[in-house]
Structures are given as C-alpha cells and as structure tokens.
Amino acid sequence: VSCSSNACNSLQSEGSSCSSDGSVCEYQVSYGDQSHTQGDVAAETLTLESKTGNPVALPKTVIGCGHDNAGTFSPKGSGIVGLGGGPASLVSQLGSSIGGKFSYCMVPYAAAKPTSTMNFGTNAVVSGNGVLSTPLISDPSQPTFYFLQLEAVSVGSKKIAFQGSSIGGSGNIIIDSGTTLTLVPTDFFSQLSDAVETQVTGGTKTSDPEGFFSLCYVPDSSLKLPPVTAHFKGADVVLTSDNIFIQVNDKVVCLAFYANDQLSIYGNVAQQIFLIGYDLPKQTLSFKPTDCTNT
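Residues numbered from 1 in each chain as written. Predicted model: local features only at pLDDT ≥ 70, side-chain atom pairs only at ≥ 80, totals over all residues. Heavy atoms only, no water.

(A) Geometry of the packing of aromatic side chains. By the definition in use, this model includes 13 aromatic pairs. For the pair Phe232 and Tyr266, a centre-to-centre distance of 5.2 Å together with 85° between the ring planes defines the contact as edge-to-face. Placement of the pair is Phe232 in strand β15 (residues 228–232) and Tyr266 in strand β20 (residues 265–266), with a sequence separation of 34 residues. Residue Phe232 shares its accessibility class with Tyr266, and that shared class is buried. Measuring from ring centre to ring centre gives 5.5 Å for Phe232 and Phe287, while their planes differ by 20°; the resulting arrangement is stacked. Of the two residues, Phe232 is situated in strand β15 and Phe287 in strand β22 (residues 284–289); the sequence distance between them amounts to 55 residues. (Phe/Tyr/Trp six-rings, centres within 6.5 Å; stacked < 30°, edge-to-face > 60°. Helix = DSSP H or I, 4+ residues; strand = E, 2+ residues; numbered from the N terminus. Buried < 20%, exposed > 50% of the residue type's maximum accessible area, 1.4 Å probe, protein only.)

(B) Seen up close, empty space enclosed by the protein. Counting across every chain of the model gives one cavity of 30 Å³ or more. As a volume, the largest cavity reaches approximately 50 Å³. In terms of lining, the largest cavity is formed by Leu150, Val153, Thr182, Val184, Ala230, Leu239, Phe257 and Tyr266. Elements represented by at least two residues in the lining of the largest cavity include exactly β9 (150–155) and β12 (182–184). (1 Å grid on protein atoms, 1.4 Å probe; cavity = no way out; pocket = protein on both sides within 12 Å on 5 of 7 lines; lining within 4 Å. Points joined across faces, edges and corners; volume = space filled by probe spheres on them.)

(C) Main features of the layout of surface pockets. Of the volumes computed, that of the second largest pocket is approximately 300 Å³. In terms of lining residues, the second largest pocket is bounded by 15 residues, among which Ser241, Asp242, Phe245, Gln247 and Val253 are the most central. Those elements that provide at least two residues to the lining of the second largest pocket are α4 (241–244) and β17 (245–247). Sorting elements by how many residues they give to the lining of the second largest pocket places β17 first, with three residues. Among the residues making up the lining of the second largest pocket, the classes are represented as 10 nonpolar, three polar and two charged. (Nonpolar A, V, L, I, M, F, W, Y, C, P; charged D, E, K, R; others polar.)

(D) Local environment of the sheet that holds strand β4 (residues 56–70). Pairing within the open sheet is antiparallel, and its four strands lie in the order β1-β2-β3-β4. The open sheet is flanked by β1 (17–18) and β4, the only strands paired with a single partner. Looking at chain direction, strand β3 (residues 36–48) and β4 are connected through 12 bridges and run antiparallel. In the strand pairing of β4, Glu44 is matched with Thr61. (Pairing = 2+ DSSP bridges.)

(E) How the structure looks around the state of the cysteines. Across all of its chains, the model carries four disulfides by this definition. Between the sulfur atoms of Cys105 and its disulfide partner Cys292 the distance amounts to 2.0 Å. Between Cys105 and Cys292, the S-S torsion sits near -75°, and that sign places the bridge as left-handed. Here Cys105 is found in strand β5 (residues 101–105), whereas its partner Cys292 is found in the segment after β22, with 187 residues between them in sequence. Taken individually, Cys105 and Cys292 each receive the classification buried, so the pair is uniform in this respect. Through a disulfide, Cys216 is tied to Cys254; the S-S separation comes to 2.1 Å. Between Cys216 and Cys254 the sulfur-sulfur dihedral comes to about 105°; the bridge is accordingly right-handed. (Disulfide = S-S within 2.5 Å.)

Written out as structure tokens, the structure reads:
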C-alpha cells in the first residue's frame, strides 16, 4: 500500500514509515522474545479454513509482508496472527463482524494432534460448567496489550502474593498467546520456584542442558507435583502439570516460569488445555478447562 493510504496513516503509532523512494508503506515490529519482522504493509484477501468446511474470505485485510524475519519464528508457520487491541490486529480489522469476541484452545506441546482451534464471533462465547471469568483491563497508552489482575499463586498450601507490573492501571500482568513462558518479577519467581521445589516429590532433580531454566527434573512414574492455582480477580484457575512444566528434551522437564522485572506476562504454556475467551465489549476474559485436542 502507498504511504498516503489510510492503512499506512493508521499504523504510524505502531512504527510505519515510508520507503526511501516514498512509494511504499513499510513497517518494523519487535517482540518481547527479541524476534523481529520488517517489510512492506500490504492488503490481501486472507482466507481461513473453517470447521464448516467452507473457507471464509476476508478481503482487503491489511498485513505485514515480511522481508526480514528473525528470532523464534517457526519455518512451518505462515506468520503471526495479531490478536491484540491495536489498530493493525486481525481482531480490530474484523471489528463489528465478530462483536469483539474471540477464543482459542491450545493443545499441549507434546500432543499428538498439533493443531489448536480459534473461534470468532458468537462461536467464541465460552459458557457451561466450569467457566471462570476475570476482568479484562485495557490501558489506552498500550492498546495492544490485554491486562489481567493476578492476586496470588498458590503452590499447595503456600499462597504467594503477586505484585507484577506497575503499568496497565489496575492490571498487573499481560495475557499473551504468543509468549511461551510466564514471566514474573525476580522476587516472586524465587518464592514460586522454592515452593514448587520444596513440595515436589519423586523424580530426579537435574540441570537444564541449555542452561536457561533453573528448576528441572528427569520425570518418572514417581514424580508428583503440588497443586498450583493462579488466583486472578474473581477466578481461581487450577493449573495442571502441562501448565507448570515444559518439556525441554526427551528426558527433562523444567518449570515454565521465568524471572523478568520489566513486564509480567501470562504465557501460552499456562494457557494450554483451557478454552480461553475474550469478550472485549464486556471486558471479560473466561477460562474453561477443556480437552483442546477434541475441539
């Protein structure tokens, strides 16, 4: 698209610029895990597969056509689906057609079925037994992010209060489907890691072969993990072993939390095996324990 287009103008706050000859709108985006992509802003008919069997065409969708992509991008992926609240996101572009509602259900990393499911519009409403809801908090200065209020995390009988990020108004942690680990302040991480280590039984404690994670085990049939609950405002989300530990190789699992004092993020390992629904008009986020391999 051209530099004078509405699409280019709407993206100025997100880093769009003009090519050296002034003809093409360009973009540059960096992510929290140090991945980055830059290239041309383009318009395309985006076609999505549907569970009904009839593909859905979305004409004139604004996309970033990346020419320089580096970081943790998978070679099997076509790109990043922007689900944030900014003007360039797919959710924002779909607008009133989905009523501000979308949901996803992410399968575990080790699942035999590797595909997770997304829904938009009325099919994205999360309902039924077991649904827990918490306020979805927006910060006008950072429209891309969805903030939640995490009050504490319990490991067995030990409840650890959570302070988190000071940004986001009353929100103190971002929920992000694109970040793998859950990032928490160093002091909180130390308390959480110590509580988990103290209460784990069985298995064999080991070191991470890559030297990245601080609490790892060689799992066996004797390994038992303590119950862990994330206490969001109005929603006590009980986590499973798939939410707490991540498998780093065939023999080692590690605590899927990481110390970060800049920004707290509730990552996608913690979101696995839950149907998670966003209702932007009502400003609520809902969790429902779900076998995502059958959705």
